[in-house]
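Summary of the model geometry
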Amino acid sequence: MKNITLVLLLISAAALTLTTGCGDDTTTTQPNDNNQDSTPTVTIENQIQIGLELFKLNEEVDRTFGEYITRDENTYISVFGNDQNFGDASFNITFPGKTTGTFVTEVGSSDVDFQAGAGEDGTIRREEYSASGSTVTIVVTEYGAIGEHIKGTFSGIVKNGKTGQSVNISRGKFDVIRRDDQ
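My aim in this report is to walk through the structure given alongside it, one point at a time. None of these values were measured; they are calculated from a predicted model.

This paragraph deals with the pattern of salt bridges. Oppositely charged side chains are able to pair whenever their charged atoms sit close together. All told, the structure shown has 11 salt bridges when counted by the stated rule. Taking the shortest distance from any N to any O, the salt bridge between Glu127 and Lys162 comes out at 3.8 Å. Here Lys162 lies in the loop between strand E10 (149-160) and strand E11 (166-177) and Glu127 lies in strand E8 (residues 127-130), a separation of 35 residues in the sequence. Asp181 is the partner of Arg178 in a salt bridge, and the nearest nitrogen-oxygen pair spans 2.8 Å. On the basis of relative accessible area, Arg178 is assigned to the buried category, the value being 8%. Judged by its relative accessible area of 29%, Asp181 is partly exposed. What emerges from the salt-bridge pattern is a single network uniting Glu60, Arg63, Asp121, Arg126 and Glu128.

Shown next as structure tokens:
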């Protein structure tokens, strides 16, 4: 009788092991890829609020950059991208030198410039904005070497190129990779 109980106990244990191992194993094995880059992904955030619309841009990499222009001794920043809710937007910033600091657009000065656009590039629905005759404050918080980041914020008032209406620009952020000097 003891032998039958022991055999039944062993069969029950084997059956229990088989049923818990089938169908509910959620562990997934990944192939070993020794060539995979283990560098953490860095999220670069570029955004601009034009009036009430906040554009958080998924950038176009080829059109988003910073560079120092040696002949003018200015830094030029270009950001193009798309927001999933509001569509395409872009902005360009120019400021003197290649350093951190606060820069303000001034009437009659070409040292600091700010331009923005919203809507599909090249269409009649696109709205263009300029700091010409307005004030935009640009704060550069980081200015890296070539291949590193240029980061900062901006806000102010711009003019709509079609209507001449003043529009608030706020919550602006840029984070671009510095290309070779031009």
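Here the narrative resumes, following the displayed structure.
By the bridge criterion, four bridges tie strand E7 (residues 113-118) to E8 in an arrangement that is antiparallel. For Gln115, the partnering residue across the bridge sits in E8 and is Ser130. Note: E8 against E10, two bridges, orientation antiparallel. Bridge pairing links Tyr129 to Asn160 in E10.

Mapped onto the secondary structure, Arg178 falls in the segment after E11. Not counting chain neighbours up to four residues away, the residues in contact with Arg178 comprise Gly66, Tyr68, Lys98, Tyr143, Gly144, Ala145, Ile146, Gly147, Glu148 and Ile150.

Criteria and thresholds
Going along each chain's sequence as written, the residues are numbered from 1 onward. Whole-chain, interface and lining totals are the exception, using all residues; otherwise, since this is a predicted model, local features are given only for residues with pLDDT of at least 70 and side-chain atom pairs are given and counted only at 80 or more. Each side-chain value is worked out from all heavy atoms of the structure, with water and hydrogens disregarded. For this document, the term salt bridge refers to a Lys or Arg side-chain nitrogen within 4 Å of an Asp or Glu carboxyl oxygen. Helix and strand definitions here come from DSSP, where helices need a minimum of 4 consecutive H or I residues and strands a minimum of 2 consecutive E residues; each element is numbered from the N-terminal end. Accessible area is worked out with a 1.4 Å probe on protein chains only. A residue is then buried under 20% of its type maximum, exposed over 50%, and partly exposed in between. A pair of strands is treated as paired once DSSP finds two or more bridges between them. Contact definition: two residues touch when any of their heavy atoms are within 4.5 Å.

It is worth stressing that arrangement in space is one thing and function is another; only the former is reported here.
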